[in-house]
Amino acid sequence: MSKVEAKLKELGLTLPGQLKPPAGMKIPFSFVRVSGKHAYISGHAPQAADGSFAQPMGKLGKELTVEQGYQASRLVCLSMLASLKRELGDLDRVTKWLKVLGMVNCAPGFNQTPLVINGFSELVVELYGHERGTHARSAVGMAELPFNIPVEIEAEAEIDG
Amino acid sequence: MSKVEAKLKELGLTLPGQLKPPAGMKIPFSFVRVSGKHAYISGHAPQAADGSFAQPMGKLGKELTVEQGYQASRLVCLSMLASLKRELGDLDRVTKWLKVLGMVNCAPGFNQTPLVINGFSELVVELYGHERGTHARSAVGMAELPFNIPVEIEAEAEIDG
Amino acid sequence: MSKVEAKLKELGLTLPGQLKPPAGMKIPFSFVRVSGKHAYISGHAPQAADGSFAQPMGKLGKELTVEQGYQASRLVCLSMLASLKRELGDLDRVTKWLKVLGMVNCAPGFNQTPLVINGFSELVVELYGHERGTHARSAVGMAELPFNIPVEIEAEAEIDG
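Parameters at a glance
Residues numbered from 1 in each chain as written. Chains lettered and ligands numbered in written order. Predicted model: local features only at pLDDT ≥ 70, side-chain atom pairs only at ≥ 80, totals over all residues. Least-squares fit on C-alpha atoms with pLDDT ≥ 70 in both. Contact = placed C-beta atoms within 7 Å. Helix = DSSP H or I, 4+ residues; strand = E, 2+ residues; numbered from the N terminus. Nonpolar A, V, L, I, M, F, W, Y, C, P; charged D, E, K, R; others polar. Pairing = 2+ DSSP bridges. Axes fitted to C-alpha atoms, helices over the stretch in contact; angles between N-to-C directions. Left-handed = near helix turned anticlockwise from the far one by under 90°.

Asker: How do you make sense of the relation of the copies chain B and chain A when you look at a structure like this?
Answerer: Think of it as a corkscrew move, a rotation about one axis and a shift along it, taking one chain copy to the other. By a simple turn and slide, chain B fits onto chain A: the slide is 0.0 Å along the axis, the RMSD is 0.0 Å, and the turn is 120 degrees. Between the two chains, the operation in question is that of a three-fold axis. Minimal C-alpha distance to the rotation axis in chain B is attained by B:A143, lying at 2.8 Å. When the interface residues of chain B are mapped onto chain A, a mere 9% of them again lie at the interface, so each copy presents a different face.

Asker: Is there a simple way to think about the interface of chain C and chain B in this case?
Answerer: Interface size is often expressed as the accessible area that is lost when the parts come together. Across the contact, 23 residues belong to chain C and 22 residues belong to chain B. At the level of secondary structure, the elements contributing two or more residues to the side of chain C that touches chain B comprise β3 (94-105), α3 (113-133) and β4 (136-142) of chain C. It is β4(C) that contributes the most residues to the side of chain C that touches chain B, 7 residues altogether. In the side of chain C that touches chain B, the residues fall into 10 nonpolar, 8 polar and 5 charged.

Asker: I'm lost on the sheet that holds strand β2 (residues 38-44) of chain C in this one. Help?
Answerer: Residue and element names in this part refer to chain C. The strand order β1-β2-β5-β3-β4 describes an open sheet built from 5 strands, whose pairing is mixed. The open sheet terminates on both sides in strands that have one partner only, identified here as β1 (32-35) and β4. Averaged over all adjacent pairs, the angle separating strand axes in this sheet is 15 degrees, with direction ignored. As paired elements, β3 and strand β5 (residues 151-159) share 9 bridges and run antiparallel to each other. By the bridge assignment for β5, V104 is matched with V151. Along the sheet, α3 contacts β3, β4 and β5; its crossing angle with β3, the most-contacted strand, is approximately 175 degrees.

Asker: When you look at the relation of the copies chain C and chain B in this model, what are you seeing that I'm missing?
Answerer: Laying chain C over chain B is done by rotating through 120 degrees and shifting 0.0 Å along the axis; what remains is an RMSD of 0.0 Å. When you check the interface residues of chain C against chain B, a mere 9% turn up at the interface there too, and the two sides of the contact use different surfaces.

Asker: Help me out: how do you make sense of the interface of chain B and chain A in this one?
Answerer: Taken residue by residue, the interface counts 23 residues in chain B and 22 residues in chain A. Listed by contribution, the elements that provide at least two residues to the side of chain B that touches chain A are β3 (94-105), α3 (113-133) and β4 (136-142) of chain B. If one sorts the elements of the side of chain B that touches chain A by residue count, β4(B) sits on top with 7 residues. Class assignment for the residues of the side of chain B that touches chain A results in 10 nonpolar, 8 polar and 5 charged.

Asker: Is there a simple way to think about the packing of helix α2 (residues 66-88) of chain A against helix α3 (residues 113-133) of chain A in this case?
Answerer: Helix-helix packing is described using two parameters, namely the angle between the two axes and the distance between the axes. Residue and element names in this part refer to chain A. Where α2 contacts α3, the axes come no closer than 7 Å and their chain directions differ by 35 degrees. In the crossing of α2 with α3, the sense of the turn from one axis to the other is right-handed. Of the residues in α3, those touching α2 at V66, G69, Y70, Q71, A72, S73, R74, V76 and C77 are L115, V116, I117, N118, G119, F120, L123 and V124. A breakdown of the residues in the contact of α2 with α3 according to their chemical character gives 11 nonpolar, 5 polar and 1 charged.

Asker: Explain the sheet that holds strand β5 (residues 151-159) of chain A to me, please; I cannot follow it from the model alone.
Answerer: Backbone hydrogen bonds are what pair the strands of a sheet, in a parallel or an antiparallel way. Residues and elements named next belong to chain A. The mixed open sheet is built from 5 strands, whose spatial order is β1-β2-β5-β3-β4. Both edges of this open sheet fall to β1 (32-35) and β4 (136-142), since each of them pairs with a single strand only. Going from strand to strand, the sheet's axes swing by 15 degrees on average, the running direction of each strand aside. Sitting on the sheet, α2 touches β1, β2 (38-44), β3 (94-105) and β5, and the angle it makes with β5 is about 40 degrees. Contacts between α3 and the sheet are confined to β3, β4 and β5, with β3 contributing the most and set at about 175 degrees to the helix.

Asker: I keep staring at the environment of A:M80 and nothing clicks. Help me out?
Answerer: All names here are of chain A. Summarising the element assignment, M80 is placed in helix α2. Put simply, M80 and Q112 are 32 residues apart on the chain and 23 Å apart in space, counted from C-alpha to C-alpha. When residues no more than four places from it in sequence are discounted, the contact partners of M80 are I41, H44, I153 and A155.

Below, the structure is given as structure tokens:
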């Protein structure tokens, strides 16, 4: 078993299945795109165990508290790792996380976006260790996110060639 | 003629000229920036045939319907291809689309952003084929876009060295 | 002294110290992440001389004028250069600016986002010259930014290997 998957198991975390998109949502793009030693990772949503969007949906500062947003960001991390595993076969092939764009669905006045995206960043660093897991990051507030998901995160990572 | 341009002609599509920016808009940046085998592509707007911003301007969910947003995204694709042709000489030099950030100008409550950005993604895949044209993507809702354009899309692509 | 630092001195500009984050803000990420010949640069905020967030805070079109936003963008540039100097040792090691995502904290109806981000772009080009300093760019309007900063900018640059 890969080291990252062993660590996931140790933490009691499991990866969700492929996203079950809502009715009418076509997906004319790829969740992960590889070019040389780089993986470009689409914006991912928090997923429930069955692959659908996780509850609660909505905006931080309205439907979700900071703590719920933090948990949603952790789920985004698991969703992204699931896509990476499908594409790369082994999560240990990610040698260095590079760049994360964390997007929070904000009700007017909610600006504690970094506290929400920390759910993602802290889990990546816990799973990969600081040297491989740390990353450049922005954590910003969106007017709307697809179908009212609370958090969407995209990333770029270095992989073994 | 390049294969992509032949395909554009077959579809009855033409590329717009250089952007005619609104009065007072300086452009201290480049529409395409090349580094090695990568092209970094600025956020592009939908353009009319004469190079100015295409109509209608405004927000999805207010001034524009989903279908109008989809058409605006197709125009962004043509605008981006026009910039790539000016920079690279030949659109066939794009060997792999990598990453797309689709930004939709959203009135409060409009969150069908993926349906809007599909106008861009589906045209890229039609022109380049699935293998070269598919890409990682986010499609998200902005509070405002420059001068009230409805859609702005930036991208990164692999090119022949 | 490096050429870029000599130019900064000539312009009477100084680089701020490390960011003093507001109480309760953990930073589980890196301000700059290097992979091969690329530097990935986190979203940076305008900083005061003492390292804290610069005043005024708030939204363009409400608390800040375009000119104040332009000045805030210049401060973001200095903040980013300070992070690059800490990471790379010498600012001349940046050989080519590639991509900039400029994010403006917008009150409803404010869409002159390019005029705000020009404060960043024009300073980078002044310091590095057009050939090395120009870059692909998006300049867009966010619903919220962390802790109500007016501007956040992230970037990618090519560095000497």
